[in-house]
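# Understanding the architecture of this molecule
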Amino acid sequence: MSGRDKLVLLVLCAAQFIVALDFSILNVALPVLGDDLGMGQADLQWAVTAFALPSGGFLLLSGRIADLYGRRRVFLAGLALFTVASVLATLAWDPAVFLAGRALQGLGAAVIVPTGMSLLTTTFAEGPQRERALGISGTLLSLGFTIGMVLGGVMTDTLGWRSTMGLLGVAGLAILALAPGLLTESRPAERPRIDVPGAVTVTGGLLALIYGLSTAAQRGFGGADVLIALVLGAVLLTAFVVVESRAAEPLVSLPMLRRPTVAWGNLAGLFTFAMMSTVIFLLTLYLQEVLELSAFRTGLVFGVQGVFAAVSGVTAPKVIARIGARATLLTGLAVQAVFTAALLALGQDASGAWLAMAAASLGCVGHLWAIVAYGVIATSGLPDGEQGLATGLVTSSQQVGMTIGIPLLSAVASARSATLSDGGSDFAAATLGGIRLGLGVDTLIVVAVAAVVAVGLRKRRAA
């Protein structure tokens, strides 16, 4: 890469990094934030959900708008919105203003992620250069989520919860200062039309699905609003498939989705993100609620994982060059599953912290290999005119995975913990029982996905 190429990559990856940071930086700060703004315990989930809903729901539409009006222009608009929203959340004087800032952050993130990824894949040619760029991008995306857990605790303890939002605003301003002079405009040769019915059904379906899962994580799956949201999400997403099959210029090309590399690559990407982000979340509960570690010590555990993530993201392109993207993807999923399963041995003694650190760090090596490999697989062999759609799918897999994994398995863990607590177990033992069940289900899902993807991609090779 030339010096300019490296600066372009730095800007694009930094934008992805702060979005990933925003997914997790508030997790440890929620109790303090609630006390400061007067938000009850039941309302705290909205600090996370208000961001997750638009960030997951508007991804595909944002990618298509970028194809229509120019990826650079839309990327900069999304980055500006994210930055202003972060400032608003920092200065929030009541819950309504704070939640409005979080929702606007999520909308900005929904614009930044697909446009940034499509700018990356159209800037760097398919092959080793793109593989290296995707490796660095995937590493920083995973690091952002992990480092957010660390920074959230440290900054809340030392500077207060507002500093977490202020950090995002400052980072956004820094990227905005560099991006206009480095990025060049990118759009397909022919401007596509907006597929309005497709946009309405997919956005509504994703919003309903994310709302239902996020609410279920707090109150269980028995609530009427949860069931209505999940059913509505399923109906709208089914309608979306029907609409796309008949649209002249669909939001998502079904022939593209029928490409084995696109379909199986994105399936693997969705679940590797969903399951690894869940591992990090469940381990945070374990370290703080079972072992009663401070936010700072919890941060040290995840800091080690961050080092492993950085190293494995850099080595992933080399592994792909040696054994191929398919083998790297399947190996990565297998490693992630093995070390997630190792966490089932967690107990209530202090040695559990060492096991958590070792297993999560080694599992993250496989996770990063899977991230880079699925990005390579899902965007290879496509013309530049389809990169907006392809990267929109890739980034949707990432963001939707991080959005649905935690509420889904935390609902499973919470239900198990409640059952054990009703059976007479103390709080720590009941919490640990729920965490173990969540990790067990997590492992089984990764194994099942790896098996399905292996068969799907093998059929392609045979064909």
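The sections below set out a description of the structure shown in this document. (Residues numbered from 1 in each chain as written. Predicted model: local features only at pLDDT ≥ 70, side-chain atom pairs only at ≥ 80, totals over all residues. Heavy atoms only, no water.)

When helices and strands are counted, the chain shows 17 helices and zero strands. For the chain, with 463 residues in total, the buried portion stands at 57%. Sequence separation of at least 24 residues holds for 84% of the intrachain contacts in the chain that already meet a minimum separation of 6. Summed over all atoms, the accessible surface of the chain reaches about 17,500 Å², with 68% contributed by carbon and sulfur. (Helix = DSSP H or I, 4+ residues; strand = E, 2+ residues; numbered from the N terminus. Buried < 20%, exposed > 50% of the residue type's maximum accessible area, 1.4 Å probe, protein only. Contact = heavy atoms within 4.5 Å. Areas by Shrake-Rupley, 256 points an atom, 1.4 Å probe, with all protein chains shown as cover.)

Note on placement: T272 falls in helix α12 (residues 260-290). For T272, a relative accessible area of 1% corresponds to the buried category. Within the local environment of T272, its side chain forms a polar contact with the side chain of H367, the two groups lying 2.9 Å apart. Contact partners of T272, with chain neighbours within four places excluded, come to L333, Q336, H367, A370 and I371. (Polar contact = N/O pair within 3.5 Å; in protein donor to acceptor, adjacent residues only side chain to side chain.)

Moving on, we come to a nonpolar patch on the surface. Together, V307, F308, V311 and L362 give the surface a local cluster of nonpolar side chains, amounting to about 320 Å² of exposed area. For the nonpolar patch, the element with the most residues is helix α13 (residues 295-323), which contributes three residues. Looking at where F308 falls in the secondary structure, it is placed in helix α13. (Patch = residues over 30% accessible without salt bridge, like charges linked within 9 Å, V, L, I, M, F, W, Y side chains within 5 Å. Salt bridge = Lys/Arg side-chain N within 4 Å of Asp/Glu carboxyl O.)

Quick look at the nonpolar core now. Counting residues in each nonpolar core, the largest one holds 104 residues, and the members touching the most others are F75, F98 and L329. At 17 residues, helix α15 (residues 351-379) tops the list of elements feeding residues into this core. Two domains each donate at least three residues to this core, and these are domain 1 (1-191) and domain 3 (252-462). The contacts of F75, once residues within four sequence positions are left out, are L12, A15, I112, T115, G116, L119, A179 and L183. (Core = buried A, V, L, I, M, F, W, Y, C linked by side-chain atoms within 4.5 Å. Domains from an automatic or database assignment.)

With that out of the way, let us pick up helix α14 (residues 325-342). Because an α-helix completes one turn every 3.6 residues, residues spaced three or four positions apart along the sequence face the same direction. Taking 1.5 Å of rise per residue, the 18 residues of α14 would be expected to cover 26 Å, and the 26 Å separating its terminal C-alpha atoms lies within 8% of that figure. Buried within α14 we find A325, T328, L329, L330, G332, L333, Q336, A337 and T340. (Expected span 1.5 Å × (residues − 1).)

For α15, which comprises 29 residues, the first-to-last C-alpha distance of 43 Å matches the rise-based estimate of 42 Å (1.5 Å per residue) to within 8%. Extensive coverage of α15 is indicated by the burial of 24 of its 29 residues. Phi for G381, located one or two positions after α15, is positive at around 75°.

When you line up the elements, S396 lands in helix α16 (residues 387-422). Excluding residues within four positions of it along the chain, S396 makes contact with L59, L60 and G401.

Take the packing of aromatic side chains next. This model, assessed by the stated rule, comprises one aromatic pair. With a centroid separation of 5.4 Å and an interplanar angle of 85°, the aromatic rings of F98 and W161 are classed as edge-to-face. Of this pair, F98 sits in helix α6 (residues 95-123) while W161 sits in the loop between α7 (128-159) and α8 (162-182), and the two are 63 residues apart along the sequence. The burial state of F98 is the same as that of W161; both residues are buried. (Phe/Tyr/Trp six-rings, centres within 6.5 Å; stacked < 30°, edge-to-face > 60°.)

This part takes up the packing of helix α1 (residues 3-24) against α6. With their axes 9 Å apart at the nearest point, α1 and α6 run at an angle of 150° to one another. Classified by the angle between their axes, α1 and α6 sit roughly antiparallel to one another. Taken as a pair, α1 and α6 cross one another with a handedness that is left-handed. In this structure, α1 uses V8, L9, L12, A15, Q16, V19 and D22 to contact α6, whose residues at the interface are R102, Q105, A109, I112, V113, G116, M117, L119, L120 and T123. (Axes fitted to C-alpha atoms, helices over the stretch in contact; angles between N-to-C directions. Parallel < 35°, antiparallel > 145°, perpendicular 65-115°, else oblique. Left-handed = near helix turned anticlockwise from the far one by under 90°.)

This next bit is on the packing of helix α5 (residues 71-91) against α6. For the pair α5 and α6, interaxial distance at closest approach is 7 Å and the crossing angle is 155°. As judged from the angle between their axes, α5 and α6 are roughly antiparallel. The chirality of how α5 crosses α6 is left-handed. Looking at the contact of α5 with α6 residue by residue, the classes come out as 17 nonpolar, nine polar and two charged. (Nonpolar A, V, L, I, M, F, W, Y, C, P; charged D, E, K, R; others polar.)

Once that is clear, we can look at the environment of E292. Here E292 is to be found in the loop between α12 and α13. For the pair E292 and A350, spaced 58 residues apart in sequence, the C-alpha separation works out to 9.8 Å.

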